[in-house]
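Single-letter residue listing:
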Amino acid sequence: MTIDNKIGQRITLLRKEKGYTQEQMSVLLNVTPQAISKWENNNALPDTALLPLLAKVLDVSIDKLLTGNSTIETPSPYDSEYTKEEYYWGLKHSELAERVVEIMQDEVQQDKLLLDIGSGEGRDSVYFSKCGFNVDSLEISVPGVEKIKQYSQSAGCSVNIIHANMIGYELTTLYDVIYSIGSLQFLPLDQRQNHFEKYKRHTCIGGLNAHLVFVEKPFIKVAPDWEKNEFFYMSGDLARYYHDWEILQCEEQIIDCNSANIFHQHAVNYIIARKINS
Ligand SMILES: C[S@@+](CC[C@H](N)C(=O)[O-])C[C@H]1O[C@@H](n2cnc3c(N)ncnc32)[C@H](O)[C@@H]1O
């Protein structure tokens, strides 16, 4: 593990992301505010014995805290599908992506920055890029990332691929659009609130967040390929996360799906919300 010289910067950024002052964090860690100030200014390193608690308070792994990288140990459930030659999710972009482009239509020419979280094999990332967005395409799966490279190259467009785990992934810039489709069910329940807060914080005023999540319904069977680390949303969850934004579209639908080669249905809820200057 190579420890870089940006630990101080990372501690500051993560502390602010969690909304703590140096004083508040010093109480949680049982150290002085001066000690935190020294770490943040790279004048001292936190004691090794304190690292597990510091990482917990900042909601990151120790690895990520020290190196800025997180080791991706969790394989994607889609790895084996993504190694096949055909595109599991197809090459056609989703309806949600099209809705976002329609809304941003007049603004896309001006170098808008978009983050696609859990971008799979890149169908929507490539579409957004073709529509003029600068796209950060974040995906955990190595074969998924390879497919995104392949597809974007063959489509002649440039997509900035980020091979990372979205859980705890540190955002370092402001986006015009933060987008996800079918991936935020992989956020553990206790991580949801802080991740939505982070996505909202890292969106420009006037920018959009657009997400599609799976919702639990008593009359819809759980999909055959639903994994243990996937967690349903409840109707209304998305609207609650964005209660203080302008909700442009928010709808629940029942959709057909043939993943795992077995016909089934999903209840989904999508939202497109705009950040308003308050
Ligand atoms: C249902 S697929 C949707 C793919 C893509 N958004 C689409 O619609 O074509 C969900 C994607 O989320 C990715 N994923 C799952 N957990 C993730 C994590 N922790 N960080 C980043 N991506 C993740 C999976 O590898 C998968 O590609």
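Here the residue index of a chain counts from 1 through its sequence in written order. Residue-level local features of this predicted model are given only where pLDDT is at least 70; pairs of side-chain atoms are given and counted only at 80 or more, and the full residue set underlies all totals for whole chains, interfaces and linings.

**Q** Any chance you could explain the overall build of the protein here in plain terms?
**A** Of regular secondary structure, the protein possesses eleven helices and seven strands. The C-alpha atoms of the protein give a radius of gyration of 20 Å, which matches the 19 Å a tight globule of 278 residues would have. Its C-alpha atoms give the protein principal-axis dimensions of roughly 55 × 45 × 45 Å. With 278 residues in all, the protein has 33% of them scored as buried. A residue pair is marked as a contact if its C-beta atoms, positioned from the backbone, fall within 7 Å. In the protein, once contacts between residues fewer than 6 apart in sequence are set aside, the share between residues at least 24 apart is 68%. Secondary structure elements follow DSSP: runs of H or I of four or more residues count as helices, runs of E of two or more count as strands, with numbering from the N terminus. For the radius of gyration, the atoms used are the C-alpha atoms, and the globule rule reads 2.2 Å times the number of residues raised to 0.38. Here the C-beta atoms are placed from the backbone, and a residue counts as buried if at least 20 other C-beta atoms lie within 10 Å of its own, exposed if 12 or fewer do, and partly exposed otherwise.

**Q** In this structure, what is going on with the domain arrangement of the protein? I would like to understand it.
**A** How big an interface is tends to be stated in terms of the accessible area lost upon association of its parts. Each assigned domain of the protein is listed here: domain 1 (7-67) and domain 2 (79-274). Boundary definitions for the domains trace back to an automatic or database domain assignment. Put simply, the middle of domain 1 and the middle of domain 2, counted by C-alpha atoms, are 31 Å apart.

**Q** Help me understand the packing of helix α2 (residues 22-29) against helix α4 (residues 51-58) in this model?
**A** To characterise two packed helices, one gives the angle between the axes of the helices and the distance between these axes. Here α2 crosses α4 at 130 degrees, and the two axes come no closer than 10 Å. Classified by the interaxial angle, the pair formed by α2 and α4 is oblique. For the element pair α2 and α4, the recorded crossing hand is right-handed. Here α2 contributes Met25, Leu28 and Leu29 to the contact with α4, which in turn contributes Leu53, Leu54 and Val57. Angular values range over 0 to 180 degrees, each being the angle between N-to-C directions of two axes fitted as lines to C-alpha atoms, with helices fitted over their stretch in contact. Note that the term roughly parallel is reserved for angles under 35 degrees, roughly antiparallel for angles over 145, roughly perpendicular for angles of 65 to 115, and oblique for everything else. Each helix crossing is assigned a hand: it is left-handed if the near helix lies turned anticlockwise from the far helix by less than a right angle, otherwise right-handed if that turn is clockwise.

**Q** Sorry if this is basic, but what is going on with helix α7 (residues 95-104) here?
**A** Every α-helix carries 3.6 residues per turn, so stepping three or four residues along brings you back to the same face. Restricting attention to buried positions, one finds in α7 the residues Leu96, Ala97, Val100, Val101 and Met104. Down the axis of α7, the sector holding all buried residues measures 140 degrees, keeping them to one side. The inward-facing, buried residues of α7 contact α8 (123-130), β4 (175-181), β5 (203-215) and β7 (264-274). What the arc covers is the set of directions going from the helix axis to the C-beta atoms.

**Q** Which parts of the structure should I look at to understand the site of the ligand?
**A** For each residue, a C-beta atom is positioned from the backbone; the residue is called near a molecule or strand if that atom sits within 6 Å of it. Around the ligand, a shell composed of 20 residues is seen, among which Ser76, Gly118, Gly120, Gly182 and Ser183 lie nearest. Nonpolar residues are Ala, Val, Leu, Ile, Met, Phe, Trp, Tyr, Cys and Pro. Charged residues are Asp, Glu, Lys and Arg, and all others, Gly as well, are polar. Grouping the amino acids of the shell around the ligand by side-chain chemistry returns eight nonpolar, ten polar and two charged.

**Q** When you look at the nonpolar core in this model, what are you seeing that I'm missing?
**A** General note: in soluble globular proteins, nonpolar side chains tend to be found buried as a group. Only buried Ala, Val, Leu, Ile, Met, Phe, Trp, Tyr and Cys residues enter a nonpolar core, and they are joined through C-beta atoms within 7 Å. Among the nonpolar cores identified, the biggest contains 43 residues, and Val100, Leu114, Val177, Tyr179 and Ala210 are the most heavily contacted of them. Those residues in contact with leucine 114, other than ones at most four positions away along the chain, are Phe128, Phe133, Asn134, Val135, Tyr175, Asp176, Val177 and Tyr179. Judged by nonpolar contacts, the second largest core, of nine residues, contains Ile11, Met25, Trp39 and Leu54.

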